Amino acid sequence: MTMIEGPEAQPVVDDLPDPSVRPAHIAQSAVGGPERSSGFALPSILDVVGVVAMVVGAALPLVLWGRIFADSGHVLPVVVASVGGALVALSMFGTRRTTGVSFVVLLVGVIIGLLARYNSAVADLPGDVIESWKSLASTGLLIPSSKSFLIPPIVVTAFASWAAVTVVLRQRSAILVAVPLLLAVAVALAYTVSLGGLPWWFVSALVAVIGIALVVGGLRRPGGAAFADDASSTPLRQIVVGAGLVGVLAVGAGALSSLVGDVGDKAFDLRSVLVRPLAIYEDATPLASVKSGLVADVPANVFTIELQDLPPDTEVKLIPVATLDAYDGSVWSTTAQFEPAGSQLPSPEQVAGVGPGSITQIVDLDAAYPFRFLPRAGIVRNLSGDGLAWDPRSGTVASVDRSTQTYRSVIDLAPDRPDDLTSPGEVPESLRYASERPETTAGQAEVLVGYAQSVVTADDPVEERLAQFETDLRGTSFGYNEEAPAGHSLAALTSYLRPEPDPDEPDAADPNAPGPNAIDPNAMVSRIGFSEQSASVFAVLAREMGLASRVVVGYRLDEPLTAENPKQVVNEGQIHAWPEVWFDGLGWVGFDPTNTENTSDELSARTPAVSSSGQDAAQGQLPEFQDPVLLPPEGDTDDRSPLWWLLLLPLLPLLYAGVIVVTKQLRRSRRRRRVDPDRQVVGAWREVRDRFGELGLPAPRSSSALDLAEYLEVNDLRDLAEPVGDLAPLIDDALYAPTPVTEAQATAAWDLSSRAIKLARKQAGVKQRIAAVLDPRSLFS
């Protein structure tokens, strides 16, 4: 006789639960339908303690979210979401609703709450939710606490609170309470961990709330949750001891986190992975808009600017809008790489010095404002307004979707240009693109060199050459006329620099005169243009000297902004362009080679917009800017800590389910393929006992198959009782018969086992069957 089970297998009828107490899903499957009590089921004191702990735990990540929000506007929505999720779980439990119904109620509540809080349309809500996740992952810090960014923390908090409270009240496995809370913390950390390590008190609080839930949850046993006689109690001593252990763990966890230190500078940041490029560009180069603004019959107002807290004796006359740093010989364009702007902006990469700071700038845009790039009187430090983007290299600010009407910012004014400039120094490697020389034809190069040699000499220092170019371009040899043809291609600029012979004076050319200036000066058409040509010429000449240069398009005020005159209305007729050159130690230094006082009624005999290929660049289609992309994160990413696993946290539930299902299947296969038929029969009984326990049926280790069959018979579950009763003699033969059972008997035992388990699953509801599949407790019994 084989005694595989040993003494533990001896049937003890007294250990079976009271037959009058039936599992909930079996009672509901009876002929009379579900039995539901009336009234509201009040939770126990321990449940209340657990619920409060879960509310605190779900709201706790607001501390982490506070690192990326510019103000405390996120606190109230997160707290309300935590309390609201808990109230939904509590009310659905009290009215004896299923978990599925509770989830639907929560989902509807979250939708209604978001619609009411942000005054959105129902059809727009899905798009708002998706856009909010994208914005939170890609907007520069610090982020304003507005609709565009608060939806993710609200949704995560509400569902984490609901899930944790549901676990506590439904008396599931107590350890599961940690899952929703840890997921909520993981989501917050994924966006904020690069800003610093976890504070010790945060770690202590998180460990404490999870520990409290584990303590009040009590001990659970497989198959015993639905039976009064098998439920575990939570004595006072257990609570006291558990609370003490929780306190010790909390203190230890906090101390450990403080010892680890701040790894934020090396931490993986989800925001650096989920950044999205912003396709912000103008339909044509902003430099092409200069002429249209200057020649307007009645210049329309484009914006109002106010600078508060200006220091005395400080004047601001130039208001930059767009910086154009790429020139291909035809068009000046921008390499700006925009990203969504937060409320606090770091210093742009291309700033070497600043002037007076903490100036409040308020800009109100009119409908006639022509650009997506926005006016800024200085270096923007703080922004207030939605839908804004900026270029981290130049500090250019732009509107994401042209919806911006008013924005407020704190700026630092650019430093004044020194009276005596020092040498520009070497061009930094990061600005090599701004010193690239466009390809020129032999004739164009000859004109550029000829003009330069007529103004400066090779022995002059570079800074002096720049000053002399500025002086000459502002001199009487160049006339200013807003009606002059537009254009800034190399063909247009060389035409602007080299006057053409007057067509009415065919004999003007002197064949005996050497070089490109073989023209009778008495028969020349004056050099006529406006800021588009003079700024472009200056920037091109600077690049010919090996310097980094760019053209800025903005507005030149008729009267400067001062402490006494801090506010002005700007119209399109004040549009202006000027060049800037990079000086080591100073940054971008502005020049103004356009003298609007040198007005002339003359126009050039040849349209200076004609390109080298003969096409009229002023009339032709201007190329669009290249689609900007975000700058890659600075530094060596290989030195970052391996916290990338935070991205895998949402996959843990799937991993858990897969491990449980596969492990159960492997154990079933191992039981079925035992070499000894006796052990195969016992394995079939163990399989029945495990599956019944997961489905809420009585299957304690001390009971026999006959005892279980009798219990099922008494409770009107005859379909289940029959295969279990037929299995009982086979088990007795395997345990007590003097001869081993046969392979046929082992096969019959497994057929009866499969039949009993199949019938038991039919008796249970869908939720109970899913829970049974994922229940790991039988693996440890």
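What counts, and where the lines are drawn
- Residues numbered from 1 in each chain as written.
- Predicted model: local features only at pLDDT ≥ 70, side-chain atom pairs only at ≥ 80, totals over all residues.
- Heavy atoms only, no water.
- Helix = DSSP H or I, 4+ residues; strand = E, 2+ residues; numbered from the N terminus.
- Polar contact = N/O pair within 3.5 Å; in protein donor to acceptor, adjacent residues only side chain to side chain.
- Pairing = 2+ DSSP bridges.
- Axes fitted to C-alpha atoms, helices over the stretch in contact; angles between N-to-C directions.
- Salt bridge = Lys/Arg side-chain N within 4 Å of Asp/Glu carboxyl O.
- Buried < 20%, exposed > 50% of the residue type's maximum accessible area, 1.4 Å probe, protein only.
- Contact = heavy atoms within 4.5 Å.
- Core = buried A, V, L, I, M, F, W, Y, C linked by side-chain atoms within 4.5 Å.
- Left-handed = near helix turned anticlockwise from the far one by under 90°.
- Nonpolar A, V, L, I, M, F, W, Y, C, P; charged D, E, K, R; others polar.
- Patch = residues over 30% accessible without salt bridge, like charges linked within 9 Å, V, L, I, M, F, W, Y side chains within 5 Å.
- Areas by Shrake-Rupley, 256 points an atom, 1.4 Å probe, with all protein chains shown as cover.
- Expected span 1.5 Å × (residues − 1).
- pLDDT = per-residue confidence, 0-100.
- Parallel < 35°, antiparallel > 145°, perpendicular 65-115°, else oblique.
- Phe/Tyr/Trp six-rings, centres within 6.5 Å; stacked < 30°, edge-to-face > 60°.

**Observations concerning the side chain of Arg-393**
Tracing the sequence through the fold places Arg-393 in the loop between β8 (388–390) and β9 (397–399). Reaching out from Arg-393, the side chain makes a polar contact with the backbone oxygen of Thr-335 at a distance of 2.9 Å.

**Looking at the sheet that holds strand β6 (residues 359–365)**
Whenever strands of a sheet pair, they do so through backbone hydrogen bonds, lying parallel or antiparallel. Read across the sheet, five strands follow the order β7-β10-β6-β1-β14 without closing on themselves; strand pairing throughout is antiparallel. Each of the sheet's edge strands pairs with one partner strand only, and the pair in question is β7 (378–384) and β14 (567–571). Put simply, the sheet's adjacent strands are angled 30° from each other on average, direction ignored.

**Here we look at the pattern of salt bridges**
Taken as a whole and assessed by the stated rule, the structure comprises 13 salt bridges. Taking the shortest distance from any N to any O, the salt bridge between Glu-694 and Lys-664 comes out at 2.8 Å. Pair noted here: Glu-694 is in helix α18 (residues 677–694) and Lys-664 is in helix α17 (residues 652–672), with a separation of 30 residues, a long-range link. Lys-664 gets classed as buried once you look at its relative accessible area, which sits at 10%. Within the structure, one salt-bridge network assembled from shared partners comprises Lys-664, Arg-667, Arg-668, Arg-671, Glu-687, Asp-690, Arg-691 and Glu-694.

**Some words on the sheet that holds strand β5 (residues 339–340)**
What the three strands build is an open sheet, ordered β5-β8-β9; its pairing is antiparallel. Only two strands of the sheet have a single partner each, and these edge strands are β5 and β9. Pairing of β5 with β8, which is carried by two bridges, proceeds in the antiparallel orientation. Counterpart to Glu-339 in the pairing with β8 is Trp-390.

**Details of the side chain of Asn-598**
On the secondary structure map, Asn-598 appears in the loop between β16 (587–590) and α17. Take Asn-598: its relative accessible area is 17%, and that puts it in the buried class. Engagement of the side chain of Asn-598 in a polar contact is seen with the backbone oxygen of Gly-475, the distance being 2.9 Å. Sequence-distant contacts of Asn-598, that is, excluding residues within four places in its chain, are made with Arg-474, Gly-475, Thr-476, Phe-478, Gly-479 and Tyr-480.

**Points about the pairing of strand β10 (residues 406–413)**
Looking along a regular strand, one sees the side chains alternate between the two faces of the sheet. Across six bridges, the pairing between β6 and β10 is antiparallel. Bridge assignment links Gln-361 to a residue of β10, and that residue is Ser-409. The pairing of β7 with β10 spans six bridges and is antiparallel. Residue pairing for β10: Val-380 is matched across the bridge by Ile-411.

**Structural notes on the nonpolar core**
Judged by nonpolar contacts, the single largest core of 78 residues is most densely connected at Phe-303, Ile-305, Leu-307, Tyr-369 and Tyr-555. Look past the residues within four positions of Ile-305 in its chain and what remains in contact with it is Ile-319, Gln-361, Ile-362, Val-363, Ala-377, Leu-561, Pro-566, Lys-567, Gln-568 and Val-570. Counting 49 residues, the second largest nonpolar core, distinct from the first, contains Leu-60, Ala-86, Ile-151 and Val-209.

**Remarks on the packing of helix α2 (residues 45–59) against helix α4 (residues 75–94)**
Look at α2 against α4: their axes get within 9 Å of each other, and the N-to-C directions meet at 145°. For the pair α2 and α4, the crossing hand works out as right-handed. Facing Val-51, Val-55, Ala-58 and Ala-59 of α2, the residues of α4 in contact are Val-78, Ser-82, Val-83 and Ala-86. Considered class by class, the residues forming the contact of α2 with α4 number seven nonpolar, one polar and no charged.

**Quick notes on a nonpolar patch on the surface**
Judged by side-chain polarity, Phe-103, Val-104, Leu-107, Val-108, Ile-111 and Ile-112 come together as a nonpolar surface patch covering roughly 480 Å² of accessible area. Accessibility expressed as a relative area gives 52% for Ile-112, which makes it exposed.

**Focus: helix α5 (residues 99–118)**
With 20 residues, α5 extends 28 Å between its outermost C-alpha atoms, agreeing within 8% with the 28 Å of an ideal straight helix rising 1.5 Å per residue. Within the sequence span of α5, burial applies to Thr-99, Ser-102, Leu-106, Val-110, Leu-114, Leu-115 and Tyr-118. Buried residues along α5 sit in contact with α4, α6 (125–138), α7 (147–170) and α22 (766–774). Directly after α5, the chain includes Asn-119, whose backbone phi takes a positive value near 55°.

**What to know about unusual backbone geometry**
The backbone of Asp-313 sits at a positive phi, close to 65°, despite the residue not being glycine. Topologically, Asp-313 is positioned in the loop between β1 (301–308) and β2 (316–324).

**Some details on the pairing of β2**
In terms of burial, β2 is a largely internal element, seven of the nine residues being buried. In the sheet, β2 pairs with strand β13 (residues 549–561) via seven bridges, with the strands oriented antiparallel. Pairing of Thr-323 across the sheet is with Val-552, part of β13.

**Section: the confidence of the model for the chain**
On average, residues of the chain score 76 in pLDDT, and 74% of them are at 70 or above. Every residue in residues 1–38 is under pLDDT 50, and counting partners more than four places away or in other chains gives 73 contacts. Here residues 218–234 is modelled with pLDDT under 50, and outside its nearest four sequence neighbours on either side it reaches 35 contacts, counting other chains as well.

**With respect to the packing of α6 against α7**
Closest axis-to-axis distance for the α6/α7 pair is 7 Å, and the angle between their directions is 100°. If you check the angle between α6 and α7, you find them roughly perpendicular. For the pair α6 and α7, the contacting residues are Asp-128, Val-129, Ser-132, Trp-133, Ser-135 and Leu-136 in the first and Lys-147, Ser-148, Phe-149, Leu-150, Ile-151, Pro-152, Pro-153 and Val-156 in the second. Taken together, the residues that form the contact of α6 with α7 break down as nine nonpolar, three polar and two charged.

**Considering the packing of aromatic side chains**
Note on aromatic pairs: each is described by the distance of the centres and the angle between the planes. Throughout the structure, instances matching the rule amount to 12 aromatic pairs. Seen from their ring centres, Phe-103 and Phe-159 are 5.7 Å apart, and the 50° between their planes marks the pair as tilted. Here the residue Phe-103 occupies a position in helix α5, and Phe-159 occupies one in helix α7, the gap between them amounting to 56 residues. Relative to Tyr-555, the ring of Phe-303 lies with its centre 5.3 Å away and its plane at 75°, an arrangement referred to as edge-to-face. Within this pair, whereas Phe-303 is found in strand β1, its partner Tyr-555 is found in strand β13, the two being separated by 252 residues in sequence. Of the residues examined, Phe-303 reaches a relative accessible area of 0% and is grouped as buried. In textbook terms, an aromatic cluster arises when at least three aromatic residues are bridged by ring pairs, as seen for Phe-303, Tyr-369, Phe-371 and Tyr-555.

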